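Chain by chain, the residues run as shown.
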Amino acid sequence: MHTENTKSSKTAKGPKAAAKGPKVSKSSKHTYAAAALLAVAALTLSGCGSGGDDANAPVAEVSAESGSAKAATVLDKPFEKPDLVLTDTHGKKYDLRKETAGKPTLIYFGYTNCPDICPLTMNNIAVAKKEVSRKLPKSELANLRIVFVTTDPERDTPKALGEWLKGIDTDVVGLTGDFDTIQAGARTIGISIDPPKKEKDGKVTSMHGTQVIAFSPKTDGGYVLYGEDATVEDYAKDLPKLLKGENP
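Residues numbered from 1 in each chain as written. Predicted model: local features only at pLDDT ≥ 70, side-chain atom pairs only at ≥ 80, totals over all residues. Heavy atoms only, no water.

Put simply, the test is: UniProt positions are given in the numbering used here, feature names are shortened, and annotations may be inferred rather than shown by experiment.
As recorded in an unreviewed UniProt entry, the protein goes by the name SCO family protein, listed as coming from Streptomyces phyllanthi. Comment text from UniProt for the protein, heading Sequence similarities (unreviewed entry), reads "Belongs to the SCO1/2 family."

This is the structure:
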């Protein structure tokens, strides 16, 4: 996990930088599958602070066919898209399932005051999207939905979210709302979120998992998981396939 005072903020030097995540053995498919389960479970514990009590259980089963060199973890049992109705940056109601139905969707939970991992992750995705847009027809990217759900709704008002996302990608959907609703929605896709906490020095930290979940336009299932170590190159390489609902 990382907090406002974490050392990881010193290593994130730009949109292409990334924290190193867990590595798993590829000595056999059986060994990899077991190790990958542990790796996915560990991802729920890495975020802007420590994880909640439910963070010790594996969040999903993963495909034993995936190679350890890949940033993407393909899930054997996709997540169901969170049933969330929140508020977007324009102050309007946003039904996540309805608005993203049948569209390739990337979902990330984080907060705008995060010093490192949250802006790094969102910038990585935004830069990758720009790189892909130079190679693919606009029509192929038109349906892509990138959704940022705040874990710190008290400070991340629609206006604050909108201002922050302007510096990253104006097409990103920023969502805020009731914390308990957001926490429950995140839990359905294996992401732990603790209530924002005010430290003795006055700083407020939001503790959450750092996974990005990709949802298929074919099934609306969350079938690919990325950890905080995913780079611009990783997303740029995988996006053309994610747009079609294919395995990266």
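### Focus: helix 4 (residues 117–133)
Helical periodicity: at 3.6 residues per turn, an α-helix aligns residues three or four positions apart in one direction. For the record, the criterion: We count a stretch as a helix when DSSP gives it H or I for four or more residues in a row; a strand needs E for two or more, and each element gets its number in order from the N terminus. For a helix, the expected span equals 1.5 Å multiplied by the residue count minus one. For the exposure calls, accessible area comes from a 1.4 Å probe over protein chains only, and a residue counts as buried if that area is under 20% of its type's maximum, exposed if over 50%, partly exposed in between.
Compared with an ideal rise of 1.5 Å per residue, which puts 17 residues at 24 Å, helix 4 spans 24 Å between its outermost C-alpha atoms and is within 8% of the ideal. Where burial is concerned, most of helix 4 is hidden: twelve out of the 17 residues are buried. All buried positions along helix 4 are accounted for by Ile117, Cys118, Pro119, Leu120, Thr121, Met122, Asn124, Ile125, Ala126, Ala128, Lys129 and Val132.

### Concerning the sheet that holds strand 10 (residues 221–226)
What counts, and what does not: Strand pairing follows a simple DSSP-based rule, namely that at least 2 bridges must link the two strands. Axis geometry follows a simple rule: fit a line to the C-alpha atoms, using only the stretch in contact for helices, then measure angles between N-to-C directions, giving values from 0 to 180 degrees. Should any heavy atoms of two residues lie within 4.5 Å, those residues are considered in contact.
Read from one edge to the other, the open sheet built from six strands follows the order 1-10-9-4-5-6, with strand pairing classed as mixed. Unpaired on one side and paired on the other, strand 1 (72–80) and strand 6 (173–175) mark the two borders of the sheet. With direction set aside, neighbouring strand axes in the sheet form an average angle of 25°. Sitting on the sheet, helix 8 (residues 232–242) touches strand 1, strand 4 (105–110), strand 9 (212–215) and strand 10, and the angle it makes with strand 10 is about 170°.

### Some details on unusual backbone geometry
You will see that Asp220, though not glycine, has its phi angle at about 65°, which is positive. Mapping Asp220 onto the fold places it in the loop between strand 9 and strand 10. Residue Asp220 is classed as partly exposed on the basis of its relative accessible area, which comes to 24%.

### Let's talk about the UniProt feature "binding site: Cu cation" (unreviewed entry) in the protein
Here is the rule: Polar contact criterion, stated in full: a pair of N or O atoms within 3.5 Å, where within protein one must be able to donate a hydrogen and the other to accept it, and residues adjacent in sequence count only if both atoms are side-chain atoms.
Per the UniProt annotation, the sites labelled "binding site: Cu cation" (unreviewed entry) are Cys114, Cys118 and His208. Spatial clustering of the annotated residues is evident: they stretch over 95 residues in sequence, but the largest pairwise C-alpha distance comes to 10.7 Å. The class for Cys118 is buried, based on a relative accessible area of 0%. Within the element layout of this structure, His208 appears in the loop between strand 8 (204–205) and strand 9. Overall, His208 belongs to the buried group, its relative accessible area being 0%. From its side chain, His208 meets the backbone oxygen of Phe109 in a polar contact 3.2 Å long.

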